[in-house]
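Residue-level structure breakdown
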Amino acid sequence: MRGRKHATYEHDGAKIHLVKIVANEDGDPVEYPKWCLSEQQGDSYRTICSGEVYGIGEGSAEYEYKTGFGRDITCQRCLRILKLHHEIKL
């Protein structure tokens, strides 16, 4: 599925929304696209690793998305950020 917005996911649920940016805002293909964790910030959807905005009306980046589990994240930056968040004790 390309270029369609998806519903908000639940952080506490088993499934999460993942996005793979396949072409950047300039239309250049991404050499090795990875599955990143996606989150909604305001009215926009972003990757947690780079903050890249994507979606209908949000820019010209081409992307794919899917619903999956934490084990489906292939972006090392996303995984490092998640690990740091889990290490924080409240």
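Chains are numbered independently. Their residues run from 1 in the order of the written sequence. Only residues with pLDDT of 70 or above have their local features reported here, since the model is predicted, and side-chain atom pairs are shown and tallied only from 80 upward, although totals for entire chains, interfaces and linings are computed over all residues. Based on all heavy atoms of the structure, the side-chain values leave hydrogens and waters out of the count.

**Points about the packing of aromatic side chains**
When the centres of two rings from Phe, Tyr and Trp lie within 6.5 Å, Trp using its six-membered ring, the rings pair. Their planes under 30 degrees apart give stacked, over 60 give edge-to-face, and anything left gives tilted. Counted according to the given criterion, the structure contains two aromatic pairs. Pairwise contacts between aromatic rings join Tyr-45, Tyr-54 and Tyr-63 into one cluster. A positively charged side chain is recorded as over a ring if its NZ (Lys) or CZ (Arg) lies within 6 Å of the ring centre. The angle to the ring normal must also be within 35 degrees. The ring of Trp-35 has Lys-66 sitting right over it, with the charged end atom 4.5 Å from the ring centre.

**Focus: the environment of Ile-81**
Only DSSP runs of H or I reaching four residues or more are called helices, and only runs of E reaching two or more are called strands; each is numbered from the N terminus. Structurally, the position occupied by Ile-81 is in helix α1 (residues 76–87). On the accessibility criterion, Ile-81 (23% relative accessible area) is partly exposed. Each C-alpha atom, one on Ile-81 and one on Ile-48, is 7.9 Å from the other, the two residues being 33 residues apart in sequence. Any two residues whose heavy atoms approach within 4.5 Å at even a single point are treated as in contact. Discounting chain neighbours no more than four positions away, the residues touching Ile-81 are Ile-48 and Cys-49. Categorising residues by exposure relies on relative accessible area from a 1.4 Å probe, with only protein chains included: less than 20% of the type maximum marks a residue as buried, more than 50% marks it as exposed, and the intermediate range marks it as partly exposed.

**Observations regarding the state of the cysteines**
Here, two cysteine sulfur atoms that lie within 2.5 Å of each other are counted as a disulfide. Enumeration over the complete set of coordinates arrives at zero disulfides. Of the cysteine sulfurs around Cys-36, a residue in no disulfide, the closest is that of Cys-49, at 3.7 Å. As a non-bridged cysteine, Cys-49 has Cys-78 as the owner of its nearest cysteine sulfur, 3.7 Å distant. Under the relative-accessibility criterion, Cys-49 is labelled buried at 12%.

**Some thoughts on the layout of surface pockets**
Computed over the protein atoms alone on a 1 Å grid, cavities are sets of points where a 1.4 Å probe fits but cannot get out and pockets are open sets with protein on both sides within 12 Å along at least five of seven lines; a residue lines them when it has an atom within 4 Å of a point. Grid points are joined across faces, edges and corners, and a volume is the space filled by probe spheres set on the points. Considering only enclosed or pocket space, the second largest pocket measures out at about 170 Å³ in volume. Amino acids are sorted into nonpolar (Ala, Val, Leu, Ile, Met, Phe, Trp, Tyr, Cys and Pro), charged (Asp, Glu, Lys and Arg) and polar (every other residue, Gly among them). The residue makeup of the lining of the second largest pocket, split by class, is seven nonpolar, two polar and four charged.

**A short note on the sheet that holds strand β4 (residues 53–54)**
If DSSP finds at least two bridges between two strands, the strands pair. A sheet is described by the order of its strands in space; here five strands give the open sequence β4-β3-β2-β1-β5, paired in antiparallel fashion. Edge positions in the sheet fall to β4 and β5 (62–68), since each has one partner strand and no second. Across seven bridges, strand β1 (residues 16–23) lies against β5 in antiparallel orientation. Bridging across to β5, Ile-21 finds its partner in Tyr-63.

**Quick notes on the confidence of the model for the protein chain**
Known as pLDDT, the predictor's per-residue confidence is scaled from 0 to 100. Residues of the protein chain with pLDDT of at least 70 account for 84%, and the chain-wide mean is 83. Confidence, expressed as mean pLDDT per element, reaches its minimum in the protein chain at β4 with 86 and its maximum at β1 with 93. Here residues 3–12 scores under 50 on pLDDT; set against residues more than four positions off or in separate chains, the count is 28 contacts.

**Section: the pairing of strand β2 (residues 36–41)**
Both faces of the sheet carry side chains from a regular strand, because those side chains alternate between them. Inspection of the sheet shows β1 paired to β2 by two bridges, in the antiparallel sense. Its bridge partner lying in β2, Val-19 is registered against Cys-36. Joining the antiparallel neighbours β2 and strand β3 (residues 44–47) is a turn of two residues, in which Gly-42 adopts a positive phi near 65°.

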